[in-house]
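Results of the structural survey
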Amino acid sequence: MSSAAFERQIRPVYDALDSGSNKSAVVACDKLLKKQPKNVLVKALKALALVRQQKIEESLAMCDEVLAMKPTEDAILTAMMHVLRGLGRYNDVIGMFEEAFKRVPANEDFGVQTFFANIRAGNWKSAQQVATKMHKQFQEERYLYWSVISAILQANDPSTPGTMRTILYKLAHRLIDSSPTPSYLGADRFYLHLLVVRELKLFEESDKLLNSEVGQKICSISLSCDELRRKIWKEQGLSENELARASNLIKEKKDRNWLEFLAVLDSTFAQSSEGSDIASKVQQSRELFETVAKEDGSKDRSGPLALLELERRAKESGVSSEPSRMNDLLEQYFEAVGDKACCFEDLKPYTILEGAQQERWTAFLKNVPVSFATKNEVQKVINVDKLLRYGLAPSEVTVEAEKELLNTYIQHYHEALPLGASLPSTELQPADDFALLAGNTFVNLWHLSKDYRHLYSAASFLEFALSKSKQSFLTRMILIRVYRLVGASSLALEHYRALRIKQVQHDTLSHLILSRASTFSLASTGDITYSTECIESSHIYLNNSQETPEFVTRAFNSERYSQIPEFINFEQRLENSLQRDHVRIEHLRMRLAHEPISSDLIDMELIELKFLFDKIHYDNRDFDIFPDYQPKDTQSFNQQTLLFGNSEGLGWLSIFLKVYIRAFQQASDLDDTVEEKLLIGDRPKQTGDFDRSLSLRERLVERTEDEFSELTDDERKFEEFAASLADWLEPYHNHARPPPSVVLAEAAKQTQLKTGHPLKGIEIPPSNGDNGHKKDEKPPAVTEAPEAVVKYFEGVKQRLEGALKEDPLVDLLHIATLAQEAFLLFTVETTRFKSPSVVKINKLGALVANFKTIREEAVSVLKHIAAELLAVANAQEPVEGRQSVAIASVSIPSAQIEADFVNGVSKKIVDSRKKVMEGISKGISKIVSTYA
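Anyway, here's the lowdown on the structure attached to this text.

What counts and how
Residues numbered from 1 in each chain as written. Predicted model: local features only at pLDDT ≥ 70, side-chain atom pairs only at ≥ 80, totals over all residues. Heavy atoms only, no water. Helix = DSSP H or I, 4+ residues; strand = E, 2+ residues; numbered from the N terminus. Areas by Shrake-Rupley, 256 points an atom, 1.4 Å probe, with all protein chains shown as cover. Lys, Arg positive; Asp, Glu negative; His and termini not counted. Charge placed at Lys NZ, Arg CZ, Asp CG, Glu CD. Expected span 1.5 Å × (residues − 1). Buried < 20%, exposed > 50% of the residue type's maximum accessible area, 1.4 Å probe, protein only. Phe/Tyr/Trp six-rings, centres within 6.5 Å; stacked < 30°, edge-to-face > 60°. Lys NZ or Arg CZ within 6 Å of the ring centre and 35° of its normal. Disulfide = S-S within 2.5 Å. Salt bridge = Lys/Arg side-chain N within 4 Å of Asp/Glu carboxyl O. Contact = heavy atoms within 4.5 Å. Axes fitted to C-alpha atoms, helices over the stretch in contact; angles between N-to-C directions. Parallel < 35°, antiparallel > 145°, perpendicular 65-115°, else oblique. Nonpolar A, V, L, I, M, F, W, Y, C, P; charged D, E, K, R; others polar. Core = buried A, V, L, I, M, F, W, Y, C linked by side-chain atoms within 4.5 Å. Left-handed = near helix turned anticlockwise from the far one by under 90°. Polar contact = N/O pair within 3.5 Å; in protein donor to acceptor, adjacent residues only side chain to side chain.

Looking now at the overall build of the chain. Looking only at helices and strands, the chain features 48 helices and zero strands. Overall size of the chain, expressed as C-alpha extent along the three principal axes, is 95 × 85 × 60 Å. Within the structure as shown, the chain displays about 42,500 Å² of accessible surface, and the carbon and sulfur contribution to it stands at 51%. A distance of 5 Å separates the average location of the 115 positive side-chain charges in the chain from that of its 134 negative side-chain charges.

Now for helix H25 (residues 453-468). In this model, H25 (16 residues) spans 23 Å end to end at C-alpha, consistent with the 22 Å of a helix rising 1.5 Å per residue. Extensive coverage of H25 is indicated by the burial of 13 of its 16 residues.

We now examine the packing of aromatic side chains. Taken as a whole and judged by the stated rule, the model has 30 aromatic pairs. In textbook terms, an aromatic cluster arises when at least three aromatic residues are bridged by ring pairs, as seen for Phe115, Phe116, Tyr143, Trp146 and Phe556. Note that Arg699 overlies the ring of Phe690, its terminal NZ or CZ placed 3.6 Å from the centroid.

One pass over the full model with this rule turns up zero disulfides. Unpaired in this structure, Cys219 has its nearest cysteine sulfur neighbour in Cys225, at a distance of 5.7 Å. For Cys219, a relative accessible area of 8% puts it in the buried group. As a non-bridged cysteine, Cys342 has Cys343 as the owner of its nearest cysteine sulfur, 6.8 Å distant.

As a further point, take the pattern of salt bridges. In the structure shown here, the tally under the stated rule is 61 salt bridges. When the shortest N-O distance is used, the salt bridge between Arg497 and Glu533 registers 2.7 Å. Taken together, the residues span a long stretch of sequence, with Arg497 in helix H27 (residues 489-498) and Glu533 in helix H30 (residues 529-537) at a distance of 36 residues. Owing to a relative accessible area of 43%, Arg497 belongs among the partly exposed residues under this scheme. Note on Glu533: relative accessible area 7%, which makes it buried.

Here we come to the environment of Tyr496. Mapped onto the secondary structure, Tyr496 falls in helix H27. Ignoring anything within four residues of it in the chain, the contact list for Tyr496 reads Ile480, Ile501, His506, Leu509, Ser510, Leu512, Ile513 and Glu533.

Before going further, it helps to spend a moment on unusual backbone geometry. The phi dihedral of Lys201 falls on the positive side, at around 55°, and the residue is not glycine. Looking at the secondary structure, you find Lys201 in the loop between helix H11 (187-199) and helix H12 (203-211). Phi at Arg516 takes a positive value of approximately 50°, unusual for a residue other than glycine. Inspection of the secondary structure assignment puts Arg516 in the loop between helix H29 (511-514) and H30. A relative accessible area of 2% means that Arg516 is categorised as buried.

Turning our eyes to something else, we now look at the side chain of Glu821. Secondary-structure assignment places Glu821 in helix H44 (residues 809-830). If near-sequence neighbours (up to four positions away) are discounted, Glu821 is found in contact with Arg589, Phe656, Tyr660 and Phe718.

Turning our attention to the environment of Gly391. For Gly391, the position within the fold is in the loop between helix H22 (375-390) and helix H23 (399-416). Remark: the alpha-carbon pair of Gly391 and Arg245, spanning 146 residues in sequence, is separated by 38 Å. In this structure, Gly391 is in contact with Gln358, Glu396 and Lys632, ignoring residues within four places of it in sequence.

To continue, consider the packing of helix H24 (residues 432-449) against H25. It is the contact of H24 with H25, at a shortest axis distance of 9 Å, that shows an interaxial angle of 170°. Accordingly, the angle class assigned to the pair H24 and H25 is roughly antiparallel. Note on element contacts: H25 touches H24 through His454, Leu455, Ser457, Ala458, Phe461, Leu462 and Ala465, opposite Ala435, Ala438, Gly439, Phe442, Val443, Leu445, Trp446 and Ser449. Residue composition of the contact of H24 with H25, by class: eleven nonpolar, four polar and no charged.

For the rest of this paragraph, the subject is the nonpolar core. By size, the foremost hydrophobic cluster in this structure holds 178 residues, and its most contacted members are Phe334, Phe434, Tyr483, Tyr660 and Ile865. By residue number, the principal contributor to this core is H44, which donates 14 residues. For Tyr660, the residues in contact, after removing those within four places along its chain, are Leu588, Arg589, Leu592, Leu609, Phe718, Glu821 and Leu825. Leu33, Cys63, Trp124 and Phe556 belong to the second-largest nonpolar core, a separate cluster that totals 89 residues.

The contact between helix H40 (residues 713-736) and helix H46 (residues 845-874) brings their axes to 12 Å, and the two run at 145°. In the packing of H40 onto H46, the handedness of the crossing is left-handed. Residue-level contacts link Trp728, Leu729 and Tyr732 of H40 to Leu847, Asn850, Phe851 and Ile854 of H46. For the contact of H40 with H46, the class distribution of residues is six nonpolar, one polar and no charged.

Quick look at the side chain of Gln429 now. Mapped onto the secondary structure, Gln429 falls in the loop between H23 and H24. According to the relative accessible area criterion, Gln429 is buried, its value standing at 10%. At 3.3 Å, the side chain of Gln429 forms a polar contact with the backbone oxygen of Lys468. Each residue touching Gln429, except ones within four places of it in the same chain, is listed here: Leu417, Gly420, Ala421, Lys468 and Ser469.

So, on to the environment of Leu869. Among the secondary structure elements, Leu869 is positioned in helix H46. Filtering out sequence-adjacent residues up to four positions away, Leu869 remains in contact with Leu812, Ala816, Met917, Ile920, Ser921 and Ile924.

If you want it as structure tokens, here you go:
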């Protein structure tokens, strides 16, 4: 068949794949394979369509068949690259391109693709070897620098030993020296050269590079090269040179880059043998900054800010001779910049004052005239209020004092509100920051008094402020925290969705709503709202794994070497995100409540959780984004509004991973041998910082006080229950678990029935009538259940009774959902023993009798919890519920907010609280009826 005719026939397959019609693509491929059963391209495209349909078993056989033919055609290789990526078989991508490059060594593109495949997989050593081979073969200089950056990336990899690191940098230096052209022909090549000589401390060579005319020119236009130059000079102790250079740029060339001001400051206070030397340099820098401030006036604030930073460092170094100078600088800065939104954040680090200095600063701020005539004057009042509040002494932060301040902030808010009356709804109101100050004060009042009426008042007032300024995302953030504290989770979710966060914000901000989200989840009733949020927030991680490696390859192609480590670091921080795995655990907790507990669910979750357990984790969560206007000596807004007063970190994640891995490991028939045989994709690298000499079981039973410190009291008791349950049942699971050969044989049988192809690498042993399952050994003696297991649910009941007497609804929900989770964990651990045949074969009847007693107690307590929650939910009716919330909200000191508006907010709060309590109650009842 001619190529044109074949292209016409295969075009519908490509069209179907491009449009997402994968089923149509499979049908079209089958038609072509009937005519051309040996066509490798059609098989590759069919495998791609099957992968996109999530028909993994069927695609595997087709994929292995294509790989066995060792293709070298571009179209086949491209299709197979997408197939193998979809299956997570990145090592096979490398092998496929390596084989193609070996078969057609003159094809430069195959070499490039082999190099990029290694880069995507993080195989820096292999990438360096491929780049070196390509440079020798094709004599293109960029491949030499690809080899250099690959050696640097390998050296910087955490798994590379320290001795090898130096050797790799020496290799990179030798490769650069072997280049026929100097590195300064390109800024990024020059960057690599500087990076290498700095690491090897070849300062003579670095001086030669940096002091050359072309080197100075490159540093003047390349921020990355200039940053390296600063680091090299600092390591050489050339602070005088840096001081002179930066001063010249600021004074003569009018450079207002803040990095240059920091360079002057760092050089001024660089280590010196004589204190008088520092004092003279401080005076020299002060004169420079004063000149800059005078020249720039109100056009630029670099000079005044630099003077403040200089004075702060001088004070810390003990060379500040005038105690009043800081006050003078603060007052001058406020006079110049006090009507700008940046003023408070700029001055905040420098207002840590004491005694007479604080008194003078406070008096100065109080003397600033209060006016709401213009936006600039309103902004000045806002800055005054923020600075005065930040400077409050602990003795001044009382309930009565906070109420007075609250009146002031709300009064200022209403006086400034008319200024924005004509603004479109897409604009922020000039008065918004007064509302944020009031929100912080409401929260601090609650924190001081533990009176939840202040939170209800905060909700009503902030909802009013949001009605005037719909785009105020900071107001929404305060409301999200407030609504979670009062148990109105659906309102918190509503505001979270209104933020419309996108891309990487799902990693940095999803903690707003998904932190301990299982407390509010109604997944057990079929409401998967929170589960959906978990899935949506995880899309960024899939995008990261697909798109960021492509940015890295583009950076290689365009020789942007300074960007490559940043892209790789970005990819690794997202791939190993702490928030990602927090959400993963929360989704698992919801999934157990929503889906039937089955061996498939247990096996899949076990494999994935073990991968998570072996990873390093980076905390990318943004807690600084909150509008924090609390006094400097009190807890921050974030700390005050944390759910249960506790933030989950790596310790919390580690505890829950250990709990679920151990439970699933005992309930599953998969051991390491079976898992290795059945694993489809590549096994992720173990990047976690743990003792490699310990076995997985030893690591799972290990606990530290740092881990426990991140748990609530109820989570600690849950962990104690889970650990005791696992310790008790472990020997019985080990005895009853079928041997690996039986498990593999059953997996192979099921795969062959499903796909018609045998499972690769697994032989089904001949049946000898006993299914390969012999139990000649004596079963372990049955022991009584540990006290922590037997008395757990009774303890839950007692804690619930105590919580019912308190106001916090979230405490009730926390106790109830953890009790539900403990029951589900018990169900997971005992699933193996539900089969009468398993119990009979393994002679474990006495053990199962123990289960019955524990289950009956658990069911009784859970039914009681469900009834109590339903009673509390019914108490949220208009007379008892809305009226009490509305009365609490009436304490807002504002006549401008109508009663109907307050009642409307109260109704939403009550309805939201009632919904979550009814849902949790019904969910517990449903779970009890399913697994009792």
